[in-house]
Amino acid sequence: MFRTVCRLFPAVLLLIAANLALGQAAGAPPSSAPASPSAAAAPAFDVDAAVEAYLAKMPAAGKARSDAYFEGGYWLILWDTLATIGAMWLLLHLRWSARMRDLAGRITRLRALQTALYWVQFVILASVLTFPLTLYEGYFREHQYGLSNQGFAAWLGDQLLGMAVALVLGAILIVPLFALVRRLETRWWAWGAALMIAFSGFVSLIAPVYIAPLFNHYEILRDPAIREPILKLARANGIPATDVYEFDASRQSNRVSANVSGFANTMRISLNDNLLERCTPAEIEATMGHEIGHYVLNHAYKGLIIFGIVILAGFALLNRGIGLALARWGGAWQVHAVSDVAVLPVAVIVLSAYFFLMTPVINSVTRTMEFEADMYGLNAARQPDGEANVDLMLGEYRKLDPGPIEEFLFFDHPSGRTRITAAMRWKAQYPESASAAEMARPLGR
Ligand SMILES: [Zn+2]
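For the structure given in this document, a descriptive report is provided here.

What counts, and at which threshold
Residues numbered from 1 in each chain as written. Predicted model: local features only at pLDDT ≥ 70, side-chain atom pairs only at ≥ 80, totals over all residues. Heavy atoms only, no water. Helix = DSSP H or I, 4+ residues; strand = E, 2+ residues; numbered from the N terminus. Buried < 20%, exposed > 50% of the residue type's maximum accessible area, 1.4 Å probe, protein only. Contact = heavy atoms within 4.5 Å. Areas by Shrake-Rupley, 256 points an atom, 1.4 Å probe, with all protein chains shown as cover. Pairing = 2+ DSSP bridges. Axes fitted to C-alpha atoms, helices over the stretch in contact; angles between N-to-C directions. Parallel < 35°, antiparallel > 145°, perpendicular 65-115°, else oblique. Left-handed = near helix turned anticlockwise from the far one by under 90°. Donors = N, O, S within 2.8 Å, 3.2 Å for Na, K, Ca; no water. Salt bridge = Lys/Arg side-chain N within 4 Å of Asp/Glu carboxyl O. Expected span 1.5 Å × (residues − 1). Phe/Tyr/Trp six-rings, centres within 6.5 Å; stacked < 30°, edge-to-face > 60°. Lys NZ or Arg CZ within 6 Å of the ring centre and 35° of its normal. Polar contact = N/O pair within 3.5 Å; in protein donor to acceptor, adjacent residues only side chain to side chain.

Some thoughts on the overall build of the protein chain
From N to C terminus, the protein chain includes 20 helices and 4 strands. Within the protein chain, the proportion of its 445 residues that are buried is 54%. When contacts within the protein chain are restricted to residue pairs at least 6 apart in sequence, those whose partners lie at least 24 apart make up 81%. With an accessible surface of roughly 19,200 Å², the protein chain has 65% of that area assigned to carbon and sulfur atoms.

Structure representation (structure tokens):
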């Protein structure tokens, strides 16, 4: 839904992703299998065998489909980058960027307004140029893999809404950014990075209250049977939560997920309706333990600091890259200086290439935080079998059992195998936590 913002502002994507998509998920109606818990938790508990038994719950066809979907996503990282760079190159080569700047200059003499008018034209044109890939990736491909619940009109509506959000939020960033560049000239980049980081924090702060509700309906979770154990777990971990939110993710897809979003007093925990429908109480508790982990471990703030460093390095590179590109092609593009708003496509090219190369670094930062939240969740919720079942459900759209290099490069969350191994290792030390009903539960709805 934030695709447009994401394409144009990979850094914003990072922060929104780090903040909003600290996701988890869930399972099927509890099946009857009240086997003896002591049998499952015998002293000679074999962690590896338990992991294999969980992984074997996923049917071969489901695993093949999930692997194909997820592996295709590796290539999409490349195609997205190339499509963005190609679109930006067209804007420069055809001098459309220069024309958009000139048109804005004819409409108003106010510099700030000129920048904003350029931005509006830029977002619309860039969105149109990359639309074929957006359509394939966001609509056809999701339907092909049975992951989307959305008809075309509703999907397109979300895209247009996303573009409107990008127009407004981007203008809030771009106008002061170019004012800064004009004032500081070659020394703009460090302050520009600081502005970018502040902006990312601002977007994360307002997202749960003003942006997410544009796309989904959020309401306070009312069912006391689900709410009370969650609030109890939250209070026990020092979170002064009085409410947990539920949102209608089923409007877009059938994926199970939950998230912690926001900053400071907008921080909240939200569960999606797919998770609530498909999960047992043990699985919901395991998921909440994970989300509470993000909260208690201050991942939102740590993410802002770490990605702040990534942004700072990116802006240093940006400064240098723009200088080199303009010295060589500035005349042909009719783009005069770094303070010229028509330079924006050059900036997007440099940043897209930078964030593409940084993919493994960024993934490793988020994956590490996700693993920390997993460990926190196991200790807080004490539901290793619930956790393993949730990990399997996430395996419906994330490859369950990748190789170690593959996981390092492409996974922004630990793989199902890694997570289930952690859960079974934990369970081996706390055999009393074993749940025979959860172990016997088939994967499904
Ligand atoms: Zn998470």
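Describing the sheet that holds strand E4 (residues 268-272)
Across the sheet, 4 strands lie side by side as E1-E2-E4-E3; this open sheet has mixed pairing. Of all the strands in the sheet, just strand E1 (218-220) and strand E3 (258-261) have a single pairing partner and so form its edges. With direction set aside, neighbouring strand axes in the sheet form an average angle of 30°.

Examining the packing of helix H7 (residues 111-129) against helix H9 (residues 152-184)
It is the contact of H7 with H9, at a shortest axis distance of 9 Å, that shows an interaxial angle of 135°. The orientation of H7 with respect to H9, classified from their angle, is oblique. By crossing handedness, the relation of H7 to H9 is classed as right-handed. Of the residues in H9, those in contact with Arg 111, Ala 112, Thr 115, Ala 116, Trp 119, Val 120, Val 123, Ile 124 and Ser 127 of H7 are Met 163, Ala 166, Leu 167, Gly 170, Ala 171, Ile 174, Val 175, Phe 178 and Arg 182.

A short note on the pairing of E3
Residues of E3 alternate between two faces, with Ala 258 and Val 260 on one and Asn 259 and Ser 261 on the opposite face, all of them buried. Bridge analysis of E3 against E4 gives 4 bridges, and the strand direction is antiparallel. Looking across to E4, one finds that Ala 258 is bridged to Leu 271. Two successive antiparallel strands, E3 and E4, enclose a turn made up of 6 residues, where Gly 262 displays a positive phi of approximately 90°.

Topic: the coordination of the zinc ion
Every protein donor of the zinc ion is accounted for by His 290 (NE2), His 294 (NE2) and Glu 370 (OE), and the metal-donor separations fall at 1.9 to 2.1 Å. Read in sequence order, the donor residues for the zinc ion give the motif H-x3-H-x75-E. Note that His 290 and His 294 are positioned in helix H13 (residues 281-296) at a spacing of 4 residues, about one turn of the helix.

A short note on the pattern of salt bridges
This model, assessed by the stated rule, comprises 16 salt bridges. As a salt-bridge pair, Arg 251 and Asp 158 come within 3.2 Å of each other at their nearest N and O atoms. Note that Arg 251 is positioned in the loop between strand E2 (245-247) and E3 and Asp 158 in helix H9, a separation of 93 residues in sequence. We note a salt bridge from Asp 391 to Arg 419, for which the minimum N-O separation is 4.0 Å. With Asp 391 in helix H17 (residues 384-394) and Arg 419 in helix H19 (residues 416-429), the pair connects residues that are 28 residues apart, well separated along the chain. No difference in accessibility class separates Asp 391 from Arg 419, as the two residues are buried. Several salt bridges share partner residues, and in doing so they unite Glu 52, Asp 401 and Arg 417 into one network.

Examining helix H5 (residues 60-93)
Relative to the 50 Å expected for 34 residues at 1.5 Å per residue, H5 spans 49 Å between its end C-alpha atoms, a close match to the ideal helical length. Note on H5: the residue one or two positions beyond its end, Arg 95, has a positive phi of about 60°.

Quick look at the packing of aromatic side chains
All chains considered together, the criterion is met by 17 aromatic pairs. Each residue in the set Phe 131, Tyr 139, Phe 140, Phe 152 and Trp 155 is aromatic and connected to the rest through ring pairs, giving one cluster. Directly above the aromatic system of Tyr 430 lies the positively charged group of Arg 382, at a separation of 5.0 Å from the ring centroid.

Examining the environment of Ile 230
Locating Ile 230 in the fold gives a position in helix H11 (residues 224-236). Judged by relative accessible area, which is 1%, Ile 230 ranks as buried. Sequence-wise, Ile 230 and Ile 284 are 54 residues apart; in three dimensions their C-alpha atoms are separated by 8.3 Å. Ignoring anything within four residues of it in the chain, the contact list for Ile 230 reads Leu 221, Val 244, Leu 271, Ile 284 and Met 288.

Structural notes on the side chain of Arg 441
You can see Arg 441 is positioned in the segment after helix H20 (436-440). For Arg 441, the side chain forms a polar contact with the side chain of Glu 283, separated by 2.5 Å.

Thoughts on unusual backbone geometry
At Asn 298, a position not held by glycine, the phi torsion is positive, near 55°. Relative to the helices and strands, Asn 298 resides in the loop between H13 and helix H14 (299-333). For Gln 334, which is not glycine, the phi torsion reads 60° and is therefore positive. You can see Gln 334 is positioned in the loop between H14 and helix H15 (344-357). Judged by relative accessible area, which is 33%, Gln 334 ranks as partly exposed.

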